[in-house]
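Remarks on the overall topology
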Amino acid sequence: MTQADLYGGLVVNVNKQKGKRGVIAGAKAGSSGYVACFNREAADLIVALVRDYKGAIFGHGIDYYFKKWKKLKLGVTLKDLRRSSIYWIAHNTTLPPVAIKSHARHSK
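Our subject in this report is the structure included herewith. Everything quoted here is computed from the prediction, not taken from an experiment. (Residues numbered from 1 in each chain as written. Predicted model: local features only at pLDDT ≥ 70, side-chain atom pairs only at ≥ 80, totals over all residues. Heavy atoms only, no water.)

**Some thoughts on the overall build of the protein chain**
Along its length, the protein chain carries four helices and four strands. Sequence-ordered secondary structure for the protein chain, helices as α and strands as β, is β-β-β-β-α-α-α-α. Burial status across the protein chain gives 17% buried among its 108 residues. When contacts within the protein chain are restricted to residue pairs at least 6 apart in sequence, long-range pairs at least 24 apart make up 51% of them. Accessible surface computed for the protein chain: about 8500 Å², of which carbon and sulfur atoms make up 59%. (Helix = DSSP H or I, 4+ residues; strand = E, 2+ residues; numbered from the N terminus. Buried < 20%, exposed > 50% of the residue type's maximum accessible area, 1.4 Å probe, protein only. Contact = heavy atoms within 4.5 Å. Areas by Shrake-Rupley, 256 points an atom, 1.4 Å probe, with all protein chains shown as cover.)

Structure, rendered in structure tokens:
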């Protein structure tokens with residue numbers, strides 16, 4: 001991220017995921033990897049939220065949060081937001097396609 005003049009001070013190694021039933025297991029094949037928060041203000045908010053937190057940050061399985069988000073009727077899904085950040089990186093930075101693929105945690 002810093003190579004593309006983006007913030008690179010918060011990086012998370014995604015190697016596990018919580019399944020639909022709340023069971024933590026290894027990430028899906030090809031979807032583990034390092035993901036950077038490329039915005040300083042967003043990274044600061046995330047750090048402030050988790051700094052003194054004890055316990056699981058997300059106490060439920062992913063479906064719980066998808067359903068909760070859907071009830072807000074915002075017109076976009078959580079996956080839409082993820083895709084839009086990847087789209088923005090691809091069109092507004094000098095990151096090579098391989099780095100964008102890795103950030104998206106895609107195998108291809």
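**Here we look at the layout of surface pockets**
Considering only enclosed or pocket space, the largest pocket measures out at about 2300 Å³ in volume. What lines the largest pocket is a set of 45 residues, among which Val 14, Phe 58, Ile 62, Arg 82 and Arg 105 lie closest to the centre. Looking at the lining of the largest pocket, the elements with two or more residues in it are β1 (10-14), β2 (16-18), β4 (33-37), α1 (40-50), α2 (62-71), α3 (78-92) and α4 (97-104). Residue composition of the lining of the largest pocket, grouped by class: 26 nonpolar, 10 polar and nine charged. (1 Å grid on protein atoms, 1.4 Å probe; cavity = no way out; pocket = protein on both sides within 12 Å on 5 of 7 lines; lining within 4 Å. Points joined across faces, edges and corners; volume = space filled by probe spheres on them. Nonpolar A, V, L, I, M, F, W, Y, C, P; charged D, E, K, R; others polar.)

**Some points on the nonpolar core**
The biggest cluster of nonpolar side chains holds nine residues, and these are Met 1, Ala 4, Leu 6, Ala 36, Ile 86, Ile 89, Leu 95, Ile 100 and Ala 104. Secondary structure elements with two or more residues in this core: α3 and α4. (Core = buried A, V, L, I, M, F, W, Y, C linked by side-chain atoms within 4.5 Å.)

**Describing unusual backbone geometry**
Unlike most non-glycine residues, Lys 73 shows phi in positive territory, near 50 degrees. Inspection of the secondary structure assignment puts Lys 73 in the loop between α2 and α3. When its relative accessible area of 72% is taken as the criterion, Lys 73 is described as exposed. Backbone geometry places Arg 105, a non-glycine residue, at a positive phi of 60 degrees. Topologically, Arg 105 is positioned in the segment after α4.

**Here's the deal with the packing of α3 against α4**
Where α3 contacts α4, the axes come no closer than 10 Å and their chain directions differ by 165 degrees. By the angle between their axes, α3 is roughly antiparallel relative to α4. For α3 against α4, the interelement crossing comes out right-handed. Residues Arg 82, Ile 86, Ile 89 and Ala 90 of α3 form the contact with α4, whose own contacting residues are Ile 100, His 103 and Ala 104. A per-class count over the contact of α3 with α4 returns five nonpolar, one polar and one charged. (Axes fitted to C-alpha atoms, helices over the stretch in contact; angles between N-to-C directions. Parallel < 35°, antiparallel > 145°, perpendicular 65-115°, else oblique. Left-handed = near helix turned anticlockwise from the far one by under 90°.)

**Comments concerning the pattern of salt bridges**
In the structure shown here, the tally under the stated rule is two salt bridges. Here Arg 40 and Asp 44 are joined by a salt bridge, their closest N and O atoms 3.3 Å apart. Here Asp 44 and Arg 40 lie together in helix α1, a separation of four residues that amounts to about one turn. Judged by relative accessible area, which is 45%, Arg 40 ranks as partly exposed. Its salt-bridge partner being Arg 83, residue Asp 80 comes within 3.9 Å of it at the nearest N-O pair. Of this pair, Asp 80 and Arg 83 both sit in helix α3, separated by three residues, roughly a single helical turn. (Salt bridge = Lys/Arg side-chain N within 4 Å of Asp/Glu carboxyl O.)

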